[in-house]
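Working through the structure, step by step
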Amino acid sequence: MSRSLRRELLGWLVLPLTAVVSYNVWNSYSDARETADLLTDRTLISSARSIAENIHESDGVIQAPIPPSALEMFATDDRDHVIYRVNGPRGELVAGYPDTLPPPETPTNFRHIYFKGSYRGEAVRAVALAQPVVSATGKSGEALVIVGQTLRSHDRLVNNLWLRALRDEMLLVAVAGILALLGLRRGLTPLLRLRDEVRQRGPDTLEPLDTTDVQTELRPLVTALNEALAQVQRQVAAQRRFVANAAHQLRTPLALLKAQVGVGLRAPDAPAARESLTAAGATVEGMTRLSNQLLSLARAEQGSALLHREKVDFNALCRDAVEDLAIMAVERGIDLGFDGAPAPLQVNGHPTLLREMATNLVENALRYTPKGGTVTARVRAAGGSTVTLRVEDDGPGIPADEREKVFERFYRRLGTGIEGTGLGLAVVKEIVSSHEGEIELADNAPPPGLLVKVTLPALEA
Ligand SMILES: Nc1ncnc2c1ncn2[C@@H]1O[C@H](COP(=O)(O)OP(=O)(O)OP(=O)(O)O)[C@@H](O)[C@H]1O
Ligand SMILES: [Mg+2]
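Residues numbered from 1 in each chain as written. Chains lettered and ligands numbered in written order. Predicted model: local features only at pLDDT ≥ 70, side-chain atom pairs only at ≥ 80, totals over all residues. Heavy atoms only, no water.

1. Quick word on the overall build of the protein
To keep it simple, the criterion reads: Numbering of helices and strands runs from the N terminus; a helix is a DSSP stretch of H or I covering at least four residues, while a strand is a stretch of E covering at least two. Our radius of gyration looks at C-alpha atoms and nothing else; its globule reference is 2.2 Å times the residue count to the power 0.38. When accessible area is computed with a 1.4 Å probe and restricted to protein chains, residues below 20% of their type maximum are described as buried, those above 50% as exposed, and intermediate ones as partly exposed. Contact criterion: two residues are considered in contact whenever any of their non-hydrogen atoms come within 4.5 Å of each other. Residue-level accessible areas treat just the shown protein chains as cover; the underlying method is Shrake-Rupley with a 1.4 Å probe.
Tallying secondary structure elements over the protein gives 9 helices and 14 strands in all. Rg of the C-alpha trace for the protein: 52 Å, well past the compact-globule value of 23 Å for 461 residues, more than 25% over. Once the C-alpha set of the protein is aligned to its principal axes, its extents read approximately 170 × 55 × 35 Å. When burial is assessed residue by residue, the protein has 38% of its 461 residues classed as buried. When contacts within the protein are restricted to residue pairs at least 6 apart in sequence, long-range pairs at least 24 apart make up 62% of them. Total accessible area on the protein stands at roughly 27,400 Å², and carbon and sulfur atoms take up 56% of it.

What follows is the structure, given as structure tokens:
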């Protein structure tokens, strides 16, 4: 079941409230009982006392005329039965009905006890009171007065008292629930408005959402959404720029190629045609390089999400990349060296992309370093948790203020006089970050020259 704010809030509010209310209702029920018991007992004892006051002896016989007031005090609408009995000192029946409501024990000495009994199958609450009687002959004894009452008015009182409490408490729960729902609906309105606003947007709208009227609690959400939108906007802009640049970069050499072929076709003799063909060949080579770099970039961009990663020996991988470039180094008259780690260094990565990264860096060093220079690639384990590749050359280097820019797509430094697409370092950066690594550019020590340092997370052995 999906989570609903409404259900959760109601659950948190109504369930505990119901528990509290149940406790209250149970409490008020026992309070009501106590109150009703107390009232009934008071009536019983005053009735018993007023009967007892009238007990006297005349002519040697105990008399107990029942004063009407003693029974009238029970008069209620509930037609309760009142049962009474008076026994003389020797147990003889003086008034009332014989054998009714025997008390659990017989009180003495003015004392009284309350007890429960039954009369014709109906529950009765009763009191038994001991009343001393002094006869004219001086002999004294105690009479026993018992008064009982059925419980109809008692029960009605209990019900009246606690049902009222129950009703009040239920009302409280209902009102709290309704208020919570209303409050929630009011509180959710801005969120729903926000939803509608998002829904109504066109697919290209990346404007930030309006944060006025949004409650403090929701503002972080909207702000976060806006930040995400801004990031998407930046990415979309970068993407557009890239596509435009790429189109331009592809169109220019194609136009050049067309011109070169045209010149070749119109060439008066074989050597002139050959010259055009050679130029066209160079253009095709440049375009091939451009397409390859664009493909690498696309592949690296899918990066962490789609590419299958595996355990790779980074040390061997870099050595292979350097070996492959040995011919280029010889052609350019550069001393290319590889200084590897003594043991395999495992990383979790995509071998083709990592190889491409190493190749791009070493190739840059070979291409931008003048003839007679030295290029060295070093692979090391750094502190157990990372591995590093350092590519050092003694070429012209890159000034500090351009070290950020060279990672941008199609950015090329002016005046190097060397052909390139300006995508190499962008590809490298993409590959490094899709492997959760870092890259930095620094001055080679000792200068001149560039030091490129790539750090990647090592795979635990
Ligand atoms: N080792 C280096 N020494 C000096 N400058 C460098 C070095 N590596 C790169 N650069 C400068 O950085 C710029 C960007 O390099 P990047 O590799 O991204 O593109 P590129 O080499 O021009 O083209 P590509 O590699 O795609 O063919 C280069 O134009 C170059 O000026
Ligand atoms: Mg390059």
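Picking up after the structure, the text goes on.
2. A short note on the site of ligand 1
Applied cut-off: If even one non-hydrogen atom of a residue comes within 4 Å of a molecule or strand, that residue is called near it. Nonpolar residues are Ala, Val, Leu, Ile, Met, Phe, Trp, Tyr, Cys and Pro. Charged residues are Asp, Glu, Lys and Arg, and all others, Gly as well, are polar.
In the vicinity of ligand 1 lie 21 residues, with Arg289, Tyr368, Arg412, Thr421 and Leu425 positioned nearest. In the complex, 99% of the free accessible area of ligand 1, which totals 600 Å², lies under the protein chains. Breaking the shell around ligand 1 down by element, the ones donating at least two residues are α5 (270-306), α8 (351-368) and α9 (424-434). Examining the composition of the shell around ligand 1, we find that 4 residues originate from one element, α8, more than from any other. The residue makeup of the shell around ligand 1, split by class, is 8 nonpolar, 8 polar and 5 charged.

3. A short note on the nonpolar core
The condition that has to hold: Only buried residues count toward a nonpolar core. Its members are Ala, Val, Leu, Ile, Met, Phe, Trp, Tyr and Cys residues joined through side-chain atoms within 4.5 Å. For the purposes of this description, domain bounds are those given by an automatic or database domain assignment.
Residues Phe314, Leu366 and Leu389 are the most contacted members of the largest nonpolar core, which totals 52 residues. In terms of residue count, α8 provides more of this core than any other element does, 8 residues in total. Each of domain 2 (203-306) and domain 3 (307-457) accounts for three or more of the residues forming this core. What Phe314 contacts, discounting residues up to four positions off in sequence, is Leu345, Val347, Met357, Val379, Val387, Thr388, Leu389 and Leu456.

4. Section: the pattern of salt bridges
Where charged atoms from two side chains of opposite charge come close, those side chains can pair. For the record, the criterion: Salt bridge, as used here: a side-chain nitrogen of Lys or Arg that lies within 4 Å of a carboxyl oxygen of Asp or Glu.
For the structure on display, the rule yields 16 salt bridges. Ionic pairing is found between Arg309 and Glu436, a salt bridge with its closest N-O pair at 3.1 Å. Note that Arg309 is positioned in the loop between α5 and β8 (310-313) and Glu436 in the loop between α9 and β13 (438-443), a separation of 127 residues in sequence. The residue Glu402 makes a salt bridge to Arg413 at a minimum N-O spacing of 2.9 Å. A residue pair is termed long-range when its members are at least 10 positions apart, and Glu402 in the loop between β12 (386-393) and α9 and Arg413 in the loop between β12 and α9 qualify at 11 residues. Each of Asp339, Arg378, Arg380, Arg390 and Glu392 takes part in salt bridges that share partners, so that together they form one network.

5. Overview of the sheet that holds β13
The strands that make up a sheet are held in pairs by hydrogen bonds between backbone atoms, and each pair lies either parallel or antiparallel. Stated precisely, the cut-off is as follows: Strand pairing is assigned whenever DSSP detects at least two bridges linking the two strands. Angles shown run from 0 to 180 degrees and are taken between the N-to-C directions of axes, each axis being a line fitted to C-alpha atoms and, for helices, limited to the stretch in contact.
Spatially, 5 strands are ordered β9-β11-β12-β14-β13 in an open sheet, and the strand pairing comes out mixed. The open sheet has two free edges, formed respectively by β9 (335-339) and β13, since each of these has just one partner strand. Neighbour to neighbour, the strand axes of the sheet diverge by 15° on average, direction disregarded. The pairing of β9 with strand β11 (residues 374-382) spans 5 bridges and is parallel. Bridge pairing in β11 links Phe338 to Ala377. Here helix α6 (residues 314-324) sits on the sheet and contacts β9, β11, β12 and β14 (450-457); the angle it forms with β9, its principal contact strand, is near 170°. Along the sheet face, α9 touches β13 and β14 and points at about 135° away from the line of β13.

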